[in-house]
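Examination of the molecular architecture
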There are 2 protein chains.
Amino acid sequence: MMLAVQSMTMVEPRDTSGISPAKSLLTASDEFVFLIEEVPRKLRRMFDASTARFGLTRTQWRALVYIYRTPGMTQTDLAKCLELERASVGHVVDQLERMALAERRAAKGDRRVWELHLLPRAIEILPQLRAEADMIYARLLHMISPTEIRAVRALLTKMSGNLESGSEDRPPR
Amino acid sequence: MMLAVQSMTMVEPRDTSGISPAKSLLTASDEFVFLIEEVPRKLRRMFDASTARFGLTRTQWRALVYIYRTPGMTQTDLAKCLELERASVGHVVDQLERMALAERRAAKGDRRVWELHLLPRAIEILPQLRAEADMIYARLLHMISPTEIRAVRALLTKMSGNLESGSEDRPPR
DNA sequence: ACCATACTGTATCATATCTTACAGTAAAGG
DNA sequence: CCTTTACTGTAAGATATGATACAGTATGGT
């Protein structure tokens, strides 16, 4: 994403009478960054298509998976997992309750919080979505060796670390 | 993103009285996919912070860069570049006009379309944002060799190709 | 010329998310 | 105890984006 050349969507100029560009504002790095963004974007699209077939949004599905993993988790917990605000999570939980996929249960010991639990209907659906996800992953990694995957993983981990706050511009210690 | 383990945000279960998970719905692939998503997400955040300092959203900034690259481009053109709907682009252009960063000019020869052009104020701002972007990229690629970058690029390109429609599940011809 | 079709931008509505503020509750410090 | 502080979920409003429908315009076939 970022900016980059959007797979070089070609658009011929109509009237170059505008302010003429003095110096390129598009660099080689932009292209690389675009590429880094491209794979996740395609994955998102495919997952959206999968979840939509079940009447779910990707966010709803992710919420279900997290609740599945940690039954009784709090909305604030879920917000951290989904990287959403608490208010947004509240809406998502509303939706899941309305669809009878999850429910809020009063937590004993803390009357502020709700414990989130899945309902049977969710347990039916999740494995099917799991299967769809596996198919997408299989396609993603088709004809790519474990060695290559390890290499990419290592590099991405390094890049992610580079962007961590604290690794400002100075070499990491 | 996808689902994955969100950097393993740990959340201890409160009350495991829920439906007990029979089989894992989180796979090793999920972790890899999460990692693929992590770098772009961090980049997005940093860019958002940069553009916000200039009173711009990332979308507005991207729009400016594309208009810079192709003065006179159409809103439909821009929508393709930004991967947005035409309606959304209309809003963005409204904003840019209000901020006196860009303008619509009637296109001669086709009275349906607007030609998009930057205004001087945008030309002042863009190089500064370019500099911020370069700093972020430098940080991203810190201590990573050109060879490694080429390797990641190749693999990501391959993965992207794997997800291309037409490469369904069958090996590419 | 005329008509059917396609395209451009916009208006309108729906949705997802964030921000801010708040009420209820908990916890910690006197 | 009581007060202050912190935390949880919700409400209300703002914003970004998408979906749909539409008016105006272009284009191509006849």
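Before reading on, note that the structure itself is shown above.
Residues numbered from 1 in each chain as written. Chains lettered and ligands numbered in written order. Predicted model: local features only at pLDDT ≥ 70, side-chain atom pairs only at ≥ 80, totals over all residues. Heavy atoms only, no water.

The final tally for this structure, using the stated rule, is four aromatic pairs over all chains. Taking the centre distance of 5.8 Å and the plane angle of 55 degrees together, the rings of Phe 47 of chain A and Tyr 137 of chain A count as tilted. Within this pair, whereas Phe 47 of chain A is found in helix α1 (residues 28-53), its partner Tyr 137 of chain A is found in helix α5 (residues 120-140), the two being separated by 90 residues in sequence. Each member of the pair Phe 47 of chain A and Tyr 137 of chain A is classed as buried. Note on Phe 47 of chain B and Trp 61 of chain B: the rings are 5.3 Å apart at their centroids and 20 degrees apart in plane angle, and the pair reads as stacked. Note that Phe 47 of chain B is positioned in helix α1 (residues 28-53) and Trp 61 of chain B in helix α2 (residues 58-69), a separation of 14 residues in sequence. Each member of the pair, Phe 47 of chain B as well as Trp 61 of chain B, is classed as buried. (Phe/Tyr/Trp six-rings, centres within 6.5 Å; stacked < 30°, edge-to-face > 60°. Helix = DSSP H or I, 4+ residues; strand = E, 2+ residues; numbered from the N terminus. Buried < 20%, exposed > 50% of the residue type's maximum accessible area, 1.4 Å probe, protein only.)

This brings us to the pairing of strand β2 (residues 114-118) of chain B. Residue and element names in this part refer to chain B. Of all five residues that make up β2, four are buried, and the element is covered over most of its length. Sheet topology note: the strand β1 (residues 102-106)/β2 ladder contains five bridges and is antiparallel. Of the residues in β2, the one forming a bridge with Ala 106 is Trp 114. (Pairing = 2+ DSSP bridges.)

What follows covers the protein's contact with DNA strand C. In the vicinity of DNA strand C, 21 residues are found, and the nearest of them are Thr 59 and Ser 88 of chain A together with Thr 76, Arg 86 and Arg 112 of chain B. The sugar-phosphate share of atoms of DNA strand C within 4 Å of the protein amounts to 67%. In this structure, a phosphate oxygen belonging to DNA strand C sits 3.0 Å away from a main-chain N or O atom of Arg 111 of chain A. Contact distances for DNA strand C include 2.7 Å between a base oxygen and a side-chain N or O atom of Arg 112 of chain B. Ranked by the residues each element gives to the surface near DNA strand C, the list is headed by helix α4 (residues 86-98) of chain A, at four residues. Taken together, the residues of the surface near DNA strand C sort by class into five nonpolar, eight polar and eight charged. (Near = heavy atom within 4 Å. Polar contact = N/O pair within 3.5 Å; in protein donor to acceptor, adjacent residues only side chain to side chain. Nonpolar A, V, L, I, M, F, W, Y, C, P; charged D, E, K, R; others polar.)

The residue Ala 87 of chain B is located in helix α4 (residues 86-98) in this model. Ala 87 of chain B sits in the exposed class, given a relative accessible area of 56%.

Turning our attention to the protein's contact with DNA strand D. Surveying the vicinity of DNA strand D reveals 23 residues, the closest of which are Thr 76, Arg 86 and Arg 112 of chain A together with Thr 59 and Arg 112 of chain B. Atoms of DNA strand D within 4 Å of the protein: sugar and phosphate make up 69%, bases the balance. In the model, a phosphate oxygen of DNA strand D is placed 3.2 Å from a nitrogen or oxygen of the Trp 114 of chain A main chain. One of the side-chain N or O atoms of Thr 59 of chain B is found 2.8 Å from a phosphate oxygen in DNA strand D. Only α3 (75-82) and α4 of chain A together with α4 of chain B provide two or more residues apiece to the surface near DNA strand D. Of the residues forming the surface near DNA strand D, the biggest block, four residues, is contributed by α4 of chain B. Residue composition of the surface near DNA strand D, grouped by class: five nonpolar, 10 polar and eight charged.

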